[in-house]
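Chain residues, written in single-letter form:
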Amino acid sequence: MEVRDGRVVIEASTPGHVPVPCPVCGAPSDRVHSRYGRHLADAPCGGRGVVIELSVRRMFCDNRGCPRVTFAEQIDGLTSRYGRRTPVLQRILAALGVVLAARAVVRLALLLGVVVSRMTVLRLVMGLPDPAWAGPRVLGIDEFATRKGHRYGTILVDCETHQPLDLLPDRDADSVAAWLREHPGIEIICRDRATVFADGARAGAPDAQHCADKWHLWHNLAEAVERLVSCHRSLLRDLVEPDPQSEQPEPPPVETVEAAEEPPEPYPQGKFLDRLRDTHAAVRTQVEQGLSLREIARRLGLGRNTVRKYARAASPEAMLHGQWQNRTSKLDRFKPYLDQRIAEGCMNVSQLHRELQERGAHCSYSTLRDYVRPQRADRRAAGSTPPIARPPSPREAAGWITAHPDHLHEDDQQRLKNLLVRSPELRAAACHVRTFATIMTNREGDRLRHWIADVCADEQCGLAGFAAGLLPDLDAVVYGMSTDWSSGPVEGRVNDLKALKRSMFGRAKPPLLRKRLLLIAASRRPQRGDEPLTG
């Protein structure tokens, strides 16, 4: 053993008198045909790469009935056919590839003294066997996006062990049905109310009990309540209490007299101004001679745009001071009117823009906004226009209705009470929402049919569309409201899948994504002996 070029090199040789069994027929042979050398990369030691230069034998097979004439001997735990790495290093790289993906493993391996390509790491990962799992009794099905809005796949999870079982590359009922036929014995299927999964589950496992997820049911109910509240936006504006400061009379506008613009101070003499004047005079002289800007730039060693600026400037001082004093704006004729309207308290840019258009102005909205913004900030800083309270949004009001009464603040409880007093429709909807929450919390799914009938019969509540939408999948909804099973484990594995996809910058194809998810989830499962000691 010695160190060469920063690597630990181990020279070894197999003994010459030990018989070796033939890999085909198994007959032992000690007749040597020849020897050849193998170079094996081993696990790093002390931050240095390890290389084993091994001399192995090629043997004759003495069995006349064997098709093999010669064969190379293999050493258990050290060599493999056509392998250039030891099994230990193979397992290390494969384990790192599962956790870190390919490019990160390549960078880490360089620090450890191991040279490997990313494609080799991917081959090692894809060559690992899938983790073994028993047939699930409770299966969870959900979708995941490989490219949101374009491509979707299907994830299947064992809801009892929370172990992901498989990833399907598409979101299709036939694929789900085919997978279920290959894995019989499933008793309960947890899913959302998507038609694709419902049809696939019924076709692949007709005897399984379907369980609709409670979170999706409550989310759909909250969306229905938000749409209902959106139809009563005018009532939300009435919930804003008037500010007593806004009732105070506004102070009379203060007339301001614009100061006359003073002429700019003369620039002091210096090298910069002298050089500017010389360059300006040289450019103007050649322009008067009729030379082109390109020719002037070539002669003076300047850029063509720089020469253009000198040629357009009437004097050197104009280049320093600029032409902003002489600029005109489309608002100049209307500034007195704007100042008057702003002094009256009108700060609405849209309204001012409409008024200017009626008076013949052709300015843009952004120009007017830039003119009004500084004056609006000054008036707010002076306290002349107190901020106006924002009315609650439909989503906030829907949150009051769907939230538990004990979890609301006192202000929200009072605003909800005022809102329900003003609207009999929202009051009826809130009553049905409370009943639905009680059914879901207490797992009283047998009351759901009566709840749907009451909602459909109540013309004021506005939730008949949501209640009628539960009827096509009523058995799954009733079972989901009556049991503790849900799609929570599936949502957790979908989050893990998103993290893996982001770690690979969204470039991983479904086979690699599936392999990494299954292997990582299997490594997280508690092994025997990992349970905490009790007693």
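Check the entry above for the structure.
Residues numbered from 1 in each chain as written. Predicted model: local features only at pLDDT ≥ 70, side-chain atom pairs only at ≥ 80, totals over all residues. Heavy atoms only, no water.

1. Looking at the sheet that holds strand S10 (residues 163–168)
Next up, step 1: Taken together, 5 strands build an open sheet; the order of strands is S10-S9-S8-S11-S12 and the sheet is mixed. The open sheet has two free edges, formed respectively by S10 and strand S12 (209–212), since each of these has just one partner strand. Taking each pair of neighbouring strands and ignoring which way they run, the sheet shows an average axis angle of 30 degrees.
Next up, step 2: The pairing of strand S9 (residues 151–158) with S10 spans 5 bridges and is antiparallel. Bridge pairing links Thr 154 to Leu 168 in S10.
Next up, step 3: Contacts from helix H4 (residues 173–182) reach strand S8 (138–147), S9, S10 and strand S11 (188–191), with the element oriented near 130 degrees to S10. (Pairing = 2+ DSSP bridges. Helix = DSSP H or I, 4+ residues; strand = E, 2+ residues; numbered from the N terminus. Axes fitted to C-alpha atoms, helices over the stretch in contact; angles between N-to-C directions. Contact = heavy atoms within 4.5 Å.)

2. Some details on the packing of aromatic side chains
Next up, step 1: Under the criterion given, the structure shown has 5 aromatic pairs.
Next up, step 2: A ring pair is formed by Trp 133 and Trp 179, whose centres lie 6.3 Å apart and whose planes are at 20 degrees; its orientation type is stacked. One end of the pair, Trp 133, is in the loop between helix H3 (118–127) and S8; the other, Trp 179, is in helix H4, and 46 residues separate them in sequence.
Next up, step 3: In this structure Trp 133 comes out as partly exposed when scored by relative accessible area, which is 27%.
Next up, step 4: Note on Trp 451 and Phe 466: the rings are 6.3 Å apart at their centroids and 80 degrees apart in plane angle, and the pair reads as edge-to-face. Of the two residues, Trp 451 sits in helix H18 (residues 448–457) while Phe 466 sits in helix H19 (residues 464–469), which places them 15 residues apart along the sequence.
Next up, step 5: Of the residues examined, Phe 466 reaches a relative accessible area of 9% and is grouped as buried.
Next up, step 6: Through successive ring pairs, a cluster of aromatic residues spans Trp 218, Phe 436, Trp 451 and Phe 466. (Phe/Tyr/Trp six-rings, centres within 6.5 Å; stacked < 30°, edge-to-face > 60°. Buried < 20%, exposed > 50% of the residue type's maximum accessible area, 1.4 Å probe, protein only.)

3. Let's talk about the pattern of salt bridges
Next up, step 1: Going through the model one piece at a time under the given rule, you end up with 26 salt bridges.
Next up, step 2: The closest approach of N and O atoms between Arg 415 and Asp 412, which form a salt bridge, is 2.7 Å. Taken together, the residues Arg 415 and Asp 412, both in helix H16 (residues 410–422) and 3 residues apart, mark about one turn of the helix.
Next up, step 3: Relative accessible area serves as the criterion here: at 14%, Asp 412 is assigned to the buried category.
Next up, step 4: In this structure, the salt-bridge partner of Asp 484 is Arg 443, at a minimum N-O distance of 3.0 Å. With Asp 484 in the loop between helix H20 (474–482) and helix H21 (488–503) and Arg 443 in the loop between helix H17 (424–441) and H18, the pair connects residues that are 41 residues apart, well separated along the chain.
Next up, step 5: Judged by its relative accessible area of 32%, Arg 443 is partly exposed. (Salt bridge = Lys/Arg side-chain N within 4 Å of Asp/Glu carboxyl O.)

4. A look at the packing of H18 against H20
Next up, step 1: Viewed as axis vectors pointing N to C, H18 and H20 meet at an angle of 120 degrees, and their least axial separation amounts to 10 Å. Relative to H20, H18 is oriented oblique. Contact residues: Leu 448, Arg 449 and Ile 452 in H18; Leu 474, Asp 475, Val 477, Val 478 and Met 481 in H20. (Parallel < 35°, antiparallel > 145°, perpendicular 65-115°, else oblique.)

5. Topic: the pairing of S8
Next up, step 1: In the sheet, S8 pairs with S11 via 3 bridges, with the strands oriented parallel. Looking across to S11, one finds that Gly 140 is bridged to Cys 190.
Next up, step 2: In this sheet, S9 lies alongside S8 in antiparallel orientation, the contact comprising 8 bridges. Following the sheet pairing, Gly 140 is matched in S9 by Val 157.

6. Thoughts on the nonpolar core
Next up, step 1: Val 225, Phe 436, Leu 448, Trp 451, Leu 463 and Met 481 are the most contacted members of the largest nonpolar core, which totals 40 residues.
Next up, step 2: Taken together, the elements giving at least two residues each to this core come down to helix H6 (214–230), helix H7 (233–237), helix H15 (394–402), H16, H17, H18, H19 and H20.
Next up, step 3: Of the residues forming this core, the biggest block, 8 residues, is contributed by H17.
Next up, step 4: Setting aside residues no more than four positions away along its own chain, Phe 436 makes contact with Leu 217, Trp 218, Leu 221, Leu 448, Trp 451, Phe 466 and Met 481. (Core = buried A, V, L, I, M, F, W, Y, C linked by side-chain atoms within 4.5 Å.)

7. A look at unusual backbone geometry
Next up, step 1: A positive phi angle, near 50 degrees, is found at Asp 5, a position not held by glycine.
Next up, step 2: As for its position among the elements, Asp 5 is in the loop between strand S1 (2–4) and strand S2 (7–13).
Next up, step 3: Backbone geometry places Ala 101, a non-glycine residue, at a positive phi of 70 degrees.
Next up, step 4: Inspection of the secondary structure puts Ala 101 in the loop between helix H1 (87–100) and helix H2 (102–112).
Next up, step 5: The class of Ala 101 is buried, set by a relative accessible area of 12%.

8. Notes on the pairing of S11
Next up, step 1: A two-sided burial pattern is seen for S11, the buried positions comprising Ile 188 and Cys 190 on one face and Ile 189 and Arg 191 on the other.
Next up, step 2: Of the pairings in the sheet, the one linking S11 to S12 comprises 4 bridges and is parallel in character. The residue of S12 that forms the bridge with Cys 190 is Cys 211.

9. Structural notes on the environment of Cys 211
Next up, step 1: With respect to the helices and strands, Cys 211 occurs in strand S12.
Next up, step 2: Taking the C-alpha atoms as reference points, Cys 211 and Arg 191, separated by 20 residues in sequence, lie 6.3 Å from one another.
Next up, step 3: Those residues in contact with Cys 211 that lie beyond four places of it in its chain are Ile 188, Ile 189, Cys 190, Arg 191, Ala 476, Tyr 479, Gly 480, Thr 483 and Trp 485.

10. Observations concerning H1
Next up, step 1: In this model H1 runs 20 Å from its N-terminal to its C-terminal C-alpha over 14 residues, within 8% of the 20 Å that 1.5 Å per residue would give.
Next up, step 2: Taken together, the buried positions of H1 are occupied by Leu 89, Leu 93, Ala 94, Gly 97 and Val 98.
Next up, step 3: Buried residues belonging to H1 abut strand S5 (32–45), H2, H3 and helix H22 (510–524).
Next up, step 4: Backbone geometry just downstream of H1 places Ala 101 in the positive-phi region, at approximately 70 degrees. (Expected span 1.5 Å × (residues − 1).)

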